[in-house]
Amino acid sequence: MVDIYGTTHSRRDIAARSGALSQFAGVRLMTLGDGVERNVRMLEFRTGSGMRFTVLVDRAMDIAELEYNGKAIGWHSPAGFRNPALHEVEGEGGIAWARSFSGFLVTCGLDHTLAPEEVPADNYNYPGRATVRHVLHGRVGSIPARLSGYGEQWKGDQCVLWAEGIVKQSTVFGEDLHLLRRIEADVGGREIRLYDRVVNHGFLRTPHMFFYHINLGYPLLDEGARYLAPISDVVWASHAGDAYRSQGVGYARAGAPADGFCEQVWQHEMRANAQGEVPVALINDRLNLGLEVVTNKNQLPCAFQWQNFQAGNYAMGIEPSSHHVLGNLAARERGEMIWLGHDEARTYDARFTVLDGAAETADCERRIKAIASQPKDDFPIPSGQFPSLASERNASGLRADTR
């Protein structure tokens, strides 16, 4: 059954009350028409619950806006949703990625994440290419998808809104990695489900790194908004040392927008629940509103928190990751790089749920605290202890998916 507007309806009830489901819910394809966003295809999802979100078909099928009852949850940067044709991926020493960085969900990968790096390319068996120079957070986020399909699918009296596409990050004498993405949301629901599969379509042994840059903005993000997570250890902080407390913002609560704020990035070690899931949330108690992100510890064992409380760029990121913040070369040296052979793959699942009201935010907090009680000190001393991922990744393809 479909729950909308305080009433439970069957499929027949819905049909009887509207000429088309699109009256209050559905998925439609549109094309943006002006400025740097011109000719970018976008899918708009409306669930009939007050939740609306958009998917950028021409930007790796990432999620642009997310809003609930008119309140923004996702972040927009000054860069806008730039058409990939205008994007110089290799520019500015590898940080031109920032000129196209905006939206609720930005996918990072597929063969590199984190800071620009130059790494060996001997795996590609091409004499003319000794190294690969990687850009910030990888290339996938600026690649248009081939849209496989979208629409509304009834399963009895339940209706699922969906979209599927394929993003190909491919070159000659290099990687040939494909991201197969499916996005779902229920009519009447407040949850987005993301199903990703990254497969090596090529025949060369290829490195794979992946993470979700989930970006939250005002009004959900505001001074005093609380970051909740099952943290067992604060591993690392970009600003640790003499500057650790200088900006007056710890990990647990958001600060107000500030002129000259310098971004802070943390890596937390998270515990999972009995199902292997890691829930993380941002809660705004003034609005009784929250956003919960759930990922799988076995798929994305590392977790970052990005605080960019700079005026004009006010954002916070929840960032589940396949690798530590140490980077590409370190992953290779530590035996933690994921190497994919032909037709080998990794799968990643994520859920994004809007929390509406004090009861739902309190329940989310209770569930997270039941897994692990995060540090009470806003400025816990980072341990510097990065758990090894090597044994799991070298054990007979424990993390492999060859479906």
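Please refer to the structure placed before this passage.
Scoring rules and cut-offs
Residues numbered from 1 in each chain as written. Predicted model: local features only at pLDDT ≥ 70, side-chain atom pairs only at ≥ 80, totals over all residues. Heavy atoms only, no water. Helix = DSSP H or I, 4+ residues; strand = E, 2+ residues; numbered from the N terminus. Rg over C-alpha atoms; globule rule 2.2 N^0.38 Å. Contact = heavy atoms within 4.5 Å. Core = buried A, V, L, I, M, F, W, Y, C linked by side-chain atoms within 4.5 Å. Buried < 20%, exposed > 50% of the residue type's maximum accessible area, 1.4 Å probe, protein only.

A. Structural context of the overall build of the protein. Within the protein one finds four helices and 24 strands. For 403 residues, the compact-globule formula gives about 22 Å, and the C-alpha radius of gyration of the protein, at 21 Å, lands near that figure. With respect to the three principal axes, the spread of C-alpha positions in the protein is 65 × 50 × 45 Å. Long-range contacts, defined as pairs at least 24 residues apart, comprise 67% of the intrachain contacts of the protein with a sequence gap of at least 6.

B. Quick peek at the nonpolar core. One finds F53 and L216 to be the most contacted residues of the largest nonpolar core, which totals 76 residues. Once you skip the residues sitting within four places of it in the chain, F53 turns out to touch L43, E44, F45, I63, E65, L66, I183, A185 and I192. One finds W75, V106, C108 and F386 within the second-largest nonpolar core, a separate group that totals 17 residues.

C. Summary view of the side chain of H87. On the secondary structure map, H87 appears in the loop between strand 7 (71-72) and strand 8 (105-110). Other than its neighbours up to four places away in sequence, H87 contacts R82, A96, W97, S100 and S142.

D. Seen up close, unusual backbone geometry. In this structure, the amide linkage connecting G109 to the following residue, L110, adopts the cis form with an omega of 5°. Tracing the sequence through the fold places L110 in strand 8. The omega torsion of the bond from Y218 to P219 falls at 10°, within 30 degrees of zero and hence cis. Relative to the helices and strands, P219 resides in the loop between strand 15 (206-216) and strand 16 (226-228). Although it is not a glycine, H137 sits at a positive phi angle of roughly 65°. Tracing the backbone through its elements, the reader meets H137 in the loop between strand 10 (131-134) and strand 11 (146-155). You can call H137 buried: its relative accessible area is 9%. Even without a glycine there, the phi angle at F173 is positive, about 60°. Of note, F173 is situated in the loop between strand 12 (158-170) and strand 13 (176-186). Residue class for F173 comes out partly exposed when judged on its relative accessible area of 42%.

So, to be careful, I would describe these as geometric facts and stop short of saying anything about function.
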